[in-house]
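Commentary on secondary and tertiary structure
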Amino acid sequence: QLRSLAGRNLRAVACGAHHSACLTDRGELLLWGWNNDGQLGNGSTFDSAVPAQVQGLDGRNIFHVACGWHHTVAITESGDVYSWGRGQHGQLGHGDSSSIQQPKILARLSDEETHTVAVAAGASHTICLTDGGDLW
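I will try to describe carefully the structure that is included in this document. (Residues numbered from 1 in each chain as written. Predicted model: local features only at pLDDT ≥ 70, side-chain atom pairs only at ≥ 80, totals over all residues. Heavy atoms only, no water.)

Section: the environment of N35
Counted only if it meets this: Only runs of H or I of at least four residues qualify as helices and only runs of E of at least two qualify as strands under DSSP, and these elements are numbered from the N terminus. Whether a residue is buried, partly exposed or exposed follows from its accessible area with a 1.4 Å probe, protein chains only, as a fraction of its type maximum: under 20%, in between, or over 50%, in that order. Any two residues whose heavy atoms approach within 4.5 Å at even a single point are treated as in contact. The term polar contact refers here to a pair of N or O atoms within 3.5 Å; inside protein, the definition further demands a hydrogen-donor-capable atom paired with an acceptor-capable atom, and it admits residues adjacent in sequence only when both atoms are side-chain atoms.
Checked against the element boundaries, N35 lands in the loop between β3 (29-33) and β4 (48-53). The exposure class assigned to N35 is buried, which follows from its relative accessible area of 0%. Discounting residues that sit within four places of it in the chain, N35 has contacts with L40, G41, N42, S44, T45, F46 and D47. Here Q39 takes part through its backbone nitrogen, which lies 3.0 Å from a polar atom of the side chain of N35.

Points about the sheet that holds strand β7 (residues 81-85)
As a reminder, the rule being used: At least two bridges found by DSSP between two strands is the condition for calling them paired. Each axis is a line fitted through C-alpha atoms, and for a helix only the stretch in contact is used; angles between axes span 0 to 180 degrees, taken between their N-to-C directions.
Strand order in this open sheet of four strands is β5-β6-β7-β8, and the pairing throughout is antiparallel. A strand with exactly one partner marks an edge of an open sheet, and here the two such strands are β5 (62-67) and β8 (100-105). Each strand axis lies, on average, 15° off the axis of its neighbour in the sheet, ignoring direction. Note that β7 and β8 share three bridges and pair antiparallel. The residue of β8 that forms the bridge with S83 is K104.

Some thoughts on the environment of I75
Note that I75 resides in strand β6 (residues 71-76). What I75 contacts, discounting residues up to four positions off in sequence, is N61, I62, F63, H64, D80, V81, T116, V117, A118 and V119.

Observations regarding the side chain of S20
By the element assignment, S20 lies in strand β2 (residues 19-24). Those residues in contact with S20, other than ones at most four positions away along the chain, are A14, C15, L30, L31 and W32.

Description of the side chain of T24
One can find T24 in strand β2. Excluding residues that lie within four positions of it along the chain, T24 makes contacts with R8, N9, L10, R11 and L30.

Some remarks on the pairing of strand β1 (residues 10-15)
Judged from the five bridges that link them, β1 and β2 form a sheet pairing that is antiparallel. Bridge pairing in β2 links A14 to A21. The loop that links β1 with its antiparallel partner β2 comprises three residues.

Printed below as a string of structure tokens:
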């Protein structure tokens, strides 16, 4: 049992290779574990043994989360997609292979016409599903 999560109602969990995530019923996203590529979204590469809220997502209700090998992807209730961590193979979806240590919105999947409803992350890849049935 993680004492630092006492009093929070959890609705989802996800695990990467060496990091974990949980999502509360209030839309808060907390991550912990290994952080060598910034996959915890705390603006650093320091590991965390206790769950900590992701920086840069304040005021955004997170609906879904997925963890890859060294990256994390989250969807807000409004359908915006954010990713961060290792980008070596383009798995963050930002059009390059840069790694980032804080959530960055995926502009192509966060416009008025696209509403993302699910995301899955593998070792070096990510896939998103829209409410129109399109895969990205």
